[in-house]
Amino acid sequence: MAFPFLPGYSTNKQLGKERFHKSQHFEYSNGFPMLGFEKPGVGGELLVGQETKPKYSVYPKGQGCDLPSWLAFDKQVLCFEAYFQEAVPQARDETYRIRRCKIYFYLEDDTIQVVEPKCKNSGIPQGTLIRRQRIPLPPPNDDQFYNIFHFNISQQMVLYSHTFTLTDCDSFTRNFLTKLGVQLNDPATVPDDPYSNLREQIEKSMNPLRPYERRDTLKQFLDNDRKVLRFHCFWDDTESMFGNARELVLHYFLADDTIEIREVIPPNSGRDHVPKFLRRTKLPKCAPAQMKQPGQITDRTVLNVFASASQGKCYILDSLKTGAVHEEFVKDSDLTIGGEVNVWGRRVLITDCDDFTKDYYRSKYSIEDFTPVQYKAPPAPKPSRPVPPYNGFGSEEDSLRSCQGLLPKPMQKDFHKFMEKDRLDEFNVLKFRAKMVTSDPVDINRVFVISFYLCDDSISVFECPQRNSGVLGGKYLERGRVKKPGQELSKIELSKYFTAQDLYVGATLNINNKVFQLLDADEYTFNYMEQHAEEFPKANVGNILSKLRSVPEEKRGETKKFLALGDPNNTGFIPYESLRVLLMGLDCGLSEHEVLVLGRSFSEREQPEEDVGLMLAVAQDFLKKKHFEEFPNMARAFTDQDRHKTGRLSTKETRTICKAFQLPLPENLLGGLLSKFADGDETDYHAFLAGINWVEHIAPPVLPEDILKFGVNARFGASEATVKNINYFSLLGDVFSFPSNNGDPTTATSA
């Protein structure tokens, strides 16, 4: 029984309702604001006849990733194989046709594309049947569109009144639908098209009068292009008049099985240099008695069937190939070492092959024996060419070069060594302080500086001036290579020169009949020799310790007692002179240089501090004597190089600019000044330029001894001055494996 439509008898639909706004046409679709087509009622309620439509594709908002669908599923497409049946009403041979196609579903915007693969001579338009678009569902749901859940295998879909049957899909589509929870059906089979089967049978039964005989040589060309087998051959032509043995090189081209032969013509053989012994062609195994003319051998034989005045002449190909000439050619399997090849009546013997040919036969035919065939006697040994002895004119190298050719060439220098040892950022000069070994009271007190240049193994000698000595100092020996003494002048072999390994502290050098003894070396020389210990055995700590380990057992105990007596306070340190006297008395073959290197390795070294004012005064004196006034230009160069305007540049860049302006300062003085004005790896170039500017900031005068100290680029006596106390505990532990008494003696105070 229905209640009357009176006040109080009907339910209030507005109870509990909170939204009474006026609805708008704007809405969000796939995360973007769009203009809607249907406007709902008050408060967003649907009007009569309206239905709720999805706003965000088939995936509800808030699930999956936060990216929009057009970005999350970009370039992801589902592919289905399908077919549809098309009626053919006006045809005698067929009533319907089965057309196969592919259906693509784009996940980014739910669009669908239908493409039919093109078939040869089909007679119907094929390709894209339905362009990419959103396809509506069949009526009465034509206001909605197909989505991903409408697709499955072995089911039908109606797309614009065409019924498509899905038969299969690719692996990506199968995995994607399976992850979504869609249970895929089994793949379906495509029914046969009667008319297509009929056409295939007709094409197979067709036998053309002029069949196309295809010879596929493209694969062989692509696989073996630029691959050539190389054989060394020999042809004995001594039986013919004026004939002799001929050496040949056979090239077998794997791309087209052709052969080319070139002749190796030795010099002064009297034969003309022809380009090829046999041009590139296929070589028949059995050479015919007479070569056939061009066109005589063809792939097809043309038969003249009949001829008439009205229809003309009729020709047909000989399909049975009754007149074909079958000829065998040389293949790669016929070429073996020791075998013979018939080259148009010439018996050519294969003697050897190259490495590529060996690898080819080893991999393809499993041949391992590639022993070459000896077809000629070994060459006679070349007569010796004795070099005449040195006659005393010019240098020995120039005389040797004049004997090696009609046009003498200068001796080649070691360019790599020169470039490595002559860099601007390194010194590469070993300096030693020496004295003359003589009984003359005038020469016994003379002091020399011997410099060895590593770039070309040259030596120069400089004598230090001394007051009231009666001898003028300065350059004693011009820079050049010095021969070792005791060598004959008129001999065949080249003379031997002094090398860097011959110079060390304690060594004796005979330079032009003057004997010098090396007393000391500068700090750079010691450091360089220790850093390159593999080149200098006298500076190799491992070799020195090996000599000490060869000391007899009874002398080891005496050595320990001597060291203990030299350290009454048991501090672990003894003076260097005490250690030097001990090591020189052990008779283990240690030189003075080796003792110094050992002391430097186990010592507390103190580097003396240089006076910056004295160094700047000496630098200004050098620049003033050389009339160097390029300070404004140097300041501009430093400023241009300083891009950040910090007033500082790296030490390497500062040294490069100084070398570019040819700053006339000794290497050790320039390096010392840059280190004084450096803070880490950067140099204050303003302070550096102000210090060496003798025009604006004049320094006090300096003594000649101070100038000479930096002028010869060496500081001698620094090693003995810095090597004061020796850690003999560590020395005993490394040499004799004696345990120390106080643990680490470096923590103790030295005497």
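Definitions and cut-offs
- Residue positions within a chain follow its written sequence, with the count starting from 1.
- Local features in a predicted model are, by the rule used here, given only for residues with pLDDT of at least 70; side-chain atom pairs are given and counted only at 80 or more, and totals for whole chains, interfaces and linings are based on all residues.
- Hydrogens are left out, water is left out, and the side-chain values use all remaining heavy atoms of the structure.
- Helix numbers and strand numbers start at the N terminus; a helix is a DSSP run of H or I with at least 4 residues, a strand a run of E with at least 2.
- In this scheme, a residue with accessible area under 20% of its type's maximum is buried, one over 50% is exposed, and one in between is partly exposed, where area comes from a 1.4 Å probe on protein chains only.
- A contact between two residues is defined here by any heavy atoms of the two lying within 4.5 Å.
- Take the buried residues of types Ala, Val, Leu, Ile, Met, Phe, Trp, Tyr and Cys, join any two whose side-chain atoms come within 4.5 Å, and each joined set is a nonpolar core.
- Any Lys or Arg side-chain nitrogen found within 4 Å of a carboxyl oxygen on Asp or Glu counts as a salt bridge.
- Along the arc lie the directions from the helix axis toward the C-beta atoms.
- Two N or O atoms count as a polar contact when they lie within 3.5 Å, although within protein this holds only if one can serve as hydrogen donor and the other as acceptor, and sequence-adjacent residues are included solely when both atoms are side-chain atoms.
- At least two DSSP bridges between two strands are required for those strands to pair.
- Every axis corresponds to a line fitted to the C-alpha atoms, with the helix fit spanning only the stretch in contact, and the corresponding angles, defined between N-to-C directions, vary from 0 to 180 degrees.
- Within a predicted model, pLDDT stands for the predictor's per-residue confidence, ranging from 0 to 100.
- Working rule for angles: under 35 degrees goes down as roughly parallel, over 145 as roughly antiparallel, 65 to 115 as roughly perpendicular, anything else as oblique.
- Classes in brief: Ala, Val, Leu, Ile, Met, Phe, Trp, Tyr, Cys and Pro nonpolar; Asp, Glu, Lys and Arg charged; the others, Gly included, polar.
- Under the pairing criterion, centres of Phe, Tyr and Trp rings, with the six-membered ring standing for Trp, must be within 6.5 Å; the plane angle then separates stacked pairs below 30 degrees from edge-to-face pairs above 60, leaving the rest tilted.
- Should the NZ of a Lys or the CZ of an Arg lie within 6 Å of a ring centre and within 35 degrees of the ring normal, that charge is described as sitting over the ring.
- Take the far helix as the reference: if the near one is turned anticlockwise from it by less than a right angle, the crossing is left-handed, and if turned clockwise, right-handed.

1. Considerations on the overall build of the protein chain
Argument step 1. Regarding its fold elements, the protein chain presents 20 helices and 28 strands.
Argument step 2. Out of the 751 residues in the protein chain, the part that is buried amounts to 32%.
Argument step 3. Sequence separation of at least 24 residues holds for 57% of the intrachain contacts in the protein chain that already meet a minimum separation of 6.

2. Points about the nonpolar core
Argument step 1. Counting residues in each nonpolar core, the largest one holds 52 residues, and the members touching the most others are Leu430, Ile450, Ile511, Leu518, Leu548, Leu583 and Leu598.
Argument step 2. For this core, the leading source of residues is helix α20 (residues 728–735), giving five residues.
Argument step 3. Those residues in contact with leucine 583 that lie beyond four places of it in its chain are Leu548, Cys588, Leu590, Val595 and Leu598.

3. A closer look at the pattern of salt bridges
Two side chains with opposite charge may pair up if their charged atoms get near one another.
Argument step 1. Per the counting criterion, the structure on display carries 33 salt bridges.
Argument step 2. A salt bridge links lysine 102 to glutamate 81, with the nearest nitrogen and oxygen atoms 3.6 Å apart. Of the two residues, lysine 102 sits in strand β4 (residues 96–106) while glutamate 81 sits in strand β3 (residues 77–87), which places them 21 residues apart along the sequence.
Argument step 3. On the basis of relative accessibility, which here comes to 38%, the residue glutamate 81 falls in the partly exposed class.
Argument step 4. Between glutamate 368 and arginine 362 there is a salt bridge, and its shortest N-O distance comes to 3.3 Å.
Argument step 5. Judged by its relative accessible area of 31%, arginine 362 is partly exposed.
Argument step 6. Through salt bridges with shared partners, a single ionic network connects Glu86, Arg99 and Glu116.

4. Description of helix α9 (residues 541–549)
Argument step 1. Turning to α9, its buried residues number three or more, namely Ile544, Leu545 and Leu548. The buried side chains of α9 occupy one side of the element, clustering within an arc of 95° when seen end-on.
Argument step 2. Put simply, asparagine 540 is the residue that caps the front of α9, since its side-chain oxygen is 3.1 Å from the backbone nitrogen of glycine 542.

5. Observations concerning the sheet that holds strand β15 (residues 340–343)
Argument step 1. As summarised here, the arrangement of the six strands in space is β12-β11-β10-β9-β16-β15, forming an open sheet in which the pairing is antiparallel. Lying at the two open borders of the sheet, with one neighbouring strand each, are β12 (278–281) and β15. Looking at each pair of strands side by side, their axes are set apart by 35° on average, direction ignored.
Argument step 2. Two strands pair when backbone bridges link them, and strand β11 (residues 258–264) and β12 are joined in this way by two bridges, in the antiparallel orientation. Within the sheet, the bridge partner assigned to isoleucine 259 lies in β12 and is threonine 281.
Argument step 3. Against the sheet, helix α5 (residues 355–364) engages β9 (228–236) and β16 (346–353), with an angle of about 110° to β9.

6. Some words on the pairing of strand β10 (residues 245–253)
Argument step 1. Summarising burial for β10: seven of the nine residues are buried, a large majority.
Argument step 2. Bridge count between β9 and β10: nine bridges; the pairing is antiparallel. From the neighbouring strand, valine 228 faces β10, where its bridge partner is phenylalanine 253.
Argument step 3. The sheet contact formed by β10 and β11 spans seven bridges and is antiparallel. From the neighbouring strand, histidine 251 faces β11, where its bridge partner is glutamate 260.
Argument step 4. Hairpin connection between β10 and β11: a loop of four residues separates the two successive antiparallel strands, and aspartate 257 in this loop has a positive phi of roughly 60°.

7. Structural notes on unusual backbone geometry
Argument step 1. A cis geometry characterises the amide bond from proline 139 onward to proline 140, with omega recorded as 10°.
Argument step 2. Considering the arrangement of structural elements, one finds proline 140 in the loop between β6 (127–133) and β7 (156–159).
Argument step 3. Not every positive phi belongs to a glycine, and histidine 627 is a case in point at roughly 55°.
Argument step 4. Here histidine 627 lies in the loop between α13 (612–625) and α14 (631–641).

8. Some points on the confidence of the model for the protein chain
Close reading of the predicted structure is inappropriate where its pLDDT is low.
Argument step 1. Residues with a pLDDT of 70 or more make up 87% of the protein chain, whose mean pLDDT is 82.
Argument step 2. When pLDDT is averaged over each helix and strand of the protein chain, the minimum, 52, is found for helix α19 (residues 718–722) and the maximum, 96, for α5.
Argument step 3. Of the regions scoring below 50 in pLDDT, residues 740–751 engages in 19 contacts with residues more than four places distant in sequence or in other chains.

9. Describing the pairing of strand β8 (residues 162–169)
Argument step 1. In terms of strand pairing, β3 meets β8 through four bridges, oriented antiparallel. Bridging from a neighbouring strand, alanine 82 pairs with leucine 166 of β8.
Argument step 2. For β7 and β8, the ladder comprises four bridges, and the chain directions are antiparallel. Among the inter-strand pairings, methionine 157 is bridged to a residue of β8, identified as phenylalanine 164.

10. Digging into the packing of α9 against helix α12 (residues 592–601)
Argument step 1. At a minimum axis distance of 10 Å, the contact between α9 and α12 shows a crossing angle of 105°. In terms of orientation, α9 and α12 fall into the roughly perpendicular class. Between α9 and α12, the contacting residues are Val541, Ile544, Leu545, Lys547 and Leu548 on the first element and Glu594, Val597, Leu598 and Ser601 on the second.
Argument step 2. Of the residues belonging to the contact of α9 with α12, the class tally is six nonpolar, one polar and two charged.

11. Brief notes about the side chain of arginine 600
Argument step 1. Within the fold, arginine 600 resides in helix α12.
Argument step 2. Within polar-contact distance, the side chain of arginine 600 engages the side chain of glutamate 530 at 2.7 Å.

12. Quick notes on the environment of proline 632
Argument step 1. Tracing the chain through its elements places proline 632 in helix α14.
Argument step 2. You can call proline 632 partly exposed: its relative accessible area is 49%.

13. With respect to the packing of aromatic side chains
Argument step 1. Using the criterion set out here, one finds 19 aromatic pairs in the structure.
Argument step 2. Each ring, one from tyrosine 146 and one from phenylalanine 151, has its centre 6.5 Å from the other, and the planes form 55°; the classification is tilted.
Argument step 3. A connected cluster of aromatic rings, assembled from ring pairs, spans Phe80, Phe105, Tyr146 and Phe151.
Argument step 4. Positioned over the ring face of phenylalanine 253 is arginine 280, at 3.7 Å from the centre of the ring.
Argument step 5. When the ring centre of tyrosine 453 is taken as origin, the NZ or CZ atom of arginine 479, which lies over that ring, is 3.8 Å away.

14. Describing the sheet that holds strand β5 (residues 111–116)
Argument step 1. Spatial ordering of the open sheet is given by β6-β5-β4-β3-β8-β7, a layout of six strands whose pairing is antiparallel. Of all strands in the sheet, those bounded by a partner on one side alone are β6 and β7. The average undirected angle you get between the axes of adjacent strands in this sheet is 30°.
Argument step 2. Bridge analysis of β4 against β5 gives five bridges, and the strand direction is antiparallel. Across the sheet, residue tyrosine 104 finds its bridge partner in β5, namely glutamine 113.

15. Quick word on the packing of α14 against helix α15 (residues 651–660)
Argument step 1. Remark: α14 packs on α15, axes separated minimally by 11 Å, with the N-to-C direction vectors making an angle of 145°. Crossing of α14 over α15 shows right-handed handedness. In contact with Met634, Ala637, Phe638 and Gln641 of α14, α15 contributes Glu653, Thr654, Ile657 and Cys658.

16. Considerations on the environment of lysine 227
Argument step 1. Tracing the sequence through the fold places lysine 227 in the loop between α4 (218–224) and β9.
Argument step 2. In this structure, lysine 227 is in contact with Tyr252, Phe253, Leu254 and Phe356, ignoring residues within four places of it in sequence.
Argument step 3. A distance of 3.3 Å separates a polar atom in the side chain of lysine 227 from the backbone oxygen of aspartate 223.

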